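A closer look at the structure
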Amino acid sequence: MSLEPMVWALSGDAPVADVNEYAVLGCMAETADRDGCGTWQSKETIASRVKVSEETVKRCWRSMLRRGLIAKGDQSLVKHYRADRRPVVYDLLIPYHWFSNIERTNADRKRLGREPLTPQNRPPIAPPQAKKERADKGTSRLRLKPPIQEEPERGNSETPRAGTTETPRGGTTSSRRGNYKSPTGGLAVPQTSTSNPTTEPPAPPIHPSVLEPDPRVSGKQSPDGRADGDEFGQQEIQETGLPRERGETATAAPVASQGVELLMELGRREPQMALAGKVLTDQGTLMDGLLATGWDRSALLGILAAPLPEKISTSVAAVIAGRIRRIPACPPMQRDPSMPPVSVPAPRTVEQEIESRSQHECQGRDGFCGRQVPVMGSLCSACRKSCSAGCGRGPAEPAHLDGLCRQCIHDQVDTALSGCMDGCGRPAVHSDSRCLACHQEETERQAEEREMLEARVALVALLATDPVEAPI
């Protein structure tokens with residue numbers, strides 16, 4: 001991320017056409033280099049960051065490509081991406097004259113292997129074309145008013161109907177014929193006579209003396225021969241004073257079950273948690289299922305009878321239903337009291353854990369062998385093998401085919417090498433027939449001699465230079 005592209009895009013110097021191009025260009029400048037090149041954010045990333053659609057991002061890219069704000073850059077920068085997921089690399093074409101320190105920018109481009117910026121390859125960018133103004137700007141819009149429909153004058157009860165000359169006086173009339181959606185026909189009294197108006201009050205509704213028996217219950221006849229229904233119907237008549245209308249069903253009583261009895265017992269213990277009606281039946285069915293899986297009755301009552309929260313936003317029935325839903329389908333496992341308690345062993349220390357292991361590591365080769373042995377501190381079969389040279393200094397090296405110990409191997413290598421040419425007694429390990437220490441000393445001595453020689457040559461050249469004559 002560089003500061004120059006972001007300043008150019010967000011300070012208003014970039015000639016963007018609208019706010020969408022401003023947001024998209026600012027998001028692209030955030031990941032561009034100092035010269036504006038090498039940004040490859042995908043349209044999905046830009047759309048999610050600037051809160052626009054992907055089609056808006058693509059439309060802004062096409063517009064800025066056409067006007068020369070951006071251009072496609074070096075696509076090899078994204079070759080590490082998968083081919084079907086590879087984004088497009090764009091360059092922000094910041095004008096040459098906009099950069100305040102063009103030398104530093106060109107130095108960065110040279111380091112990255114790019115050509116320097118010039119007024120020819122980064123010319124000024126033309127401003128966007130102004131939007132066309134509407135031809136009707138500033139003029140008032142004509143508002144079409146809906147046509148005024150003439151409404152007929154409102155009349156009174158004696159105003160004649162439309163299409164008739166006079167309101168009928170007395171008698172009955174038949175309604176007009178319609179289609180299958182029209183209400184059923186019949187005779188109606190349109191209006192009483194004005195010369196002999198009716199003064200009788202309207203009669204109260206008359207309820208039938210014989211009621212339709214409820215098919216769900218067996219009807220019982222009263223002593224006077226009328227079918228007044230069962231005890232539920234009698235109770236309804238006593239409470240409301242009116243029998244139930246034909247076709248109207250009563251609420252069915254909850255079916256007695258173990259779950260319903262449990263919830264009713266909960267209501268007797270806690271009156272504020274009492275349930276009734278359909279809620280009692282539905283929740284009782286769920287409680288029957290829990291009891292069938294082995295839940296204890298007292299355990300369920302203890303869960304449901306927990307204190308209610310101080311503030312209830314729904315209802316007590318909803319709280320109880322939520323508690324029933326949160327009960328697991330199967331009860332927790334209980335330990336058989338006849339079984340003896342299981343003793344839990346105390347945790348062992350690190351030393352006890354190491355001693356209790358059935359396998360240990362071999363301590364040969366200075367503890368780096370790593371082979372498994374049954375006894376702690378013992379050696380494996382390879383490390384127990386004595387040195388084939390008979391030195392008695394240690395076990396044979398497992399990786400060496402000759403069966404020598406490590407010290408004998410070193411002695412054999414030293415013997416095979418020639419001695420140091422400086423006579424130090426150490427084996428020569430470098431191409432100059434010197435040991436490691438002598439080779440390092442010789443390298444430092446040659447470096448000092450080289451520095452002294454270069455200083456002597458520079459001094460001789462300085463003394464050989466003719467002195468500059470002083471002006472007269």
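Now for a description of the structure that goes with this document. Note that this is a predicted model, so its numbers are computed, not measured.

1. Focus on the overall build of the protein chain
Across its full length, the protein chain carries 15 helices and 6 strands. In the protein chain, which comprises 472 residues, the proportion classed as buried is 22%. Counting only contacts in the protein chain whose residues sit at least 6 apart along the sequence, the fraction spanning at least 24 positions is 41%. Taken as a whole, the protein chain presents about 36,200 Å² of accessible surface, with 54% of it coming from carbon and sulfur.

2. So, the packing of aromatic side chains
Each aromatic ring pair is summarised here by two numbers: the centre-to-centre distance and the angle between the ring planes. Across all of its chains, the model carries 2 aromatic pairs by this definition. Seen in terms of ring centroids, Trp98 and Phe99 are 5.8 Å apart; in terms of plane orientation they differ by 80 degrees. Their pairing is edge-to-face. Owing to a relative accessible area of 24%, Trp98 belongs among the partly exposed residues under this scheme. Looking at Phe99, the relative accessible area reads 8%, which means it is buried.

3. Some thoughts on a nonpolar patch on the surface
On the surface, Val350, Ile354 and Met376 cluster together into a nonpolar patch covering about 280 Å² of accessible area. Inspection of the secondary structure assignment puts Ile354 in helix α11 (residues 350–355). With relative accessibility at 31%, the residue Ile354 sits in the partly exposed group.

4. Some points on the nonpolar core
Core analysis: the biggest nonpolar cluster contains 24 residues, and Leu25, Trp61, Ile70 and Leu92 have the highest contact counts within it. If you list the elements that add at least two residues to this core, you get α1 (3–10), α2 (19–29), α3 (43–50), α4 (54–67) and β2 (90–92). Broken down by element, the residue count for this core peaks at 5 residues, all from α2. When neighbours within four sequence positions are excluded, Leu92 is seen to be in contact with Pro5, Trp8, Leu25, Met28, Ala29, Ala32, Asp35, Gly36, Leu69, Ile70 and Arg122. Within the second largest apolar cluster, 17 residues are counted, among which are Leu262, Met273, Trp295 and Leu300.

5. Here's the deal with the layout of surface pockets
Roughly 230 Å³ of internal volume is contained in the second largest pocket. In terms of lining, the second largest pocket is formed by Gln41, Ser42, Lys43, Glu44, Trp61, Asp84, Arg85, Arg86, Pro87, Val88 and Tyr90. Looking at side-chain class alone, the lining of the second largest pocket contains 4 nonpolar, 2 polar and 5 charged residues.

6. Observations regarding the pattern of salt bridges
Under the counting rule described, the total for this entry stands at 17 salt bridges. Here Asp84 and Arg82 are joined by a salt bridge, their closest N and O atoms 2.7 Å apart. Two residues, Asp282 and Lys278, come together in a salt bridge whose shortest N-O distance is 2.8 Å. Placement of the pair is Asp282 and Lys278 together in helix α8 (residues 277–292), with a separation of 4 residues, close to one helical turn.

7. Notes on helix α9 (residues 297–304)
Restricting attention to buried positions, one finds in α9 the residues Leu300, Leu301 and Leu304. Relative to the axis of α9, the buried residues are bounded by an arc of 100 degrees and lie together on one face. Where the residues of α9 are buried, they touch α7 (258–269), α8 and α10 (316–325).

8. Quick word on the side chain of Gln41
By secondary structure assignment, the location of Gln41 is in the loop between α2 and α3. Its relative accessible area of 11% is what places Gln41 among the buried residues. A polar contact is formed between the side chain of Gln41 and the backbone oxygen of Cys27, at a distance of 2.6 Å. Once residues within four sequence positions are removed from consideration, Gln41 is found in contact with Cys27, Met28, Thr31, Ile46, Arg49 and Trp61.

Definitions and limits used
- Residues numbered from 1 in each chain as written.
- Predicted model: local features only at pLDDT ≥ 70, side-chain atom pairs only at ≥ 80, totals over all residues.
- Heavy atoms only, no water.
- Helix = DSSP H or I, 4+ residues; strand = E, 2+ residues; numbered from the N terminus.
- Buried < 20%, exposed > 50% of the residue type's maximum accessible area, 1.4 Å probe, protein only.
- Contact = heavy atoms within 4.5 Å.
- Areas by Shrake-Rupley, 256 points an atom, 1.4 Å probe, with all protein chains shown as cover.
- Phe/Tyr/Trp six-rings, centres within 6.5 Å; stacked < 30°, edge-to-face > 60°.
- Patch = residues over 30% accessible without salt bridge, like charges linked within 9 Å, V, L, I, M, F, W, Y side chains within 5 Å.
- Salt bridge = Lys/Arg side-chain N within 4 Å of Asp/Glu carboxyl O.
- Core = buried A, V, L, I, M, F, W, Y, C linked by side-chain atoms within 4.5 Å.
- 1 Å grid on protein atoms, 1.4 Å probe; cavity = no way out; pocket = protein on both sides within 12 Å on 5 of 7 lines; lining within 4 Å.
- Points joined across faces, edges and corners; volume = space filled by probe spheres on them.
- Nonpolar A, V, L, I, M, F, W, Y, C, P; charged D, E, K, R; others polar.
- Arc of directions from axis to C-beta.
- Polar contact = N/O pair within 3.5 Å; in protein donor to acceptor, adjacent residues only side chain to side chain.

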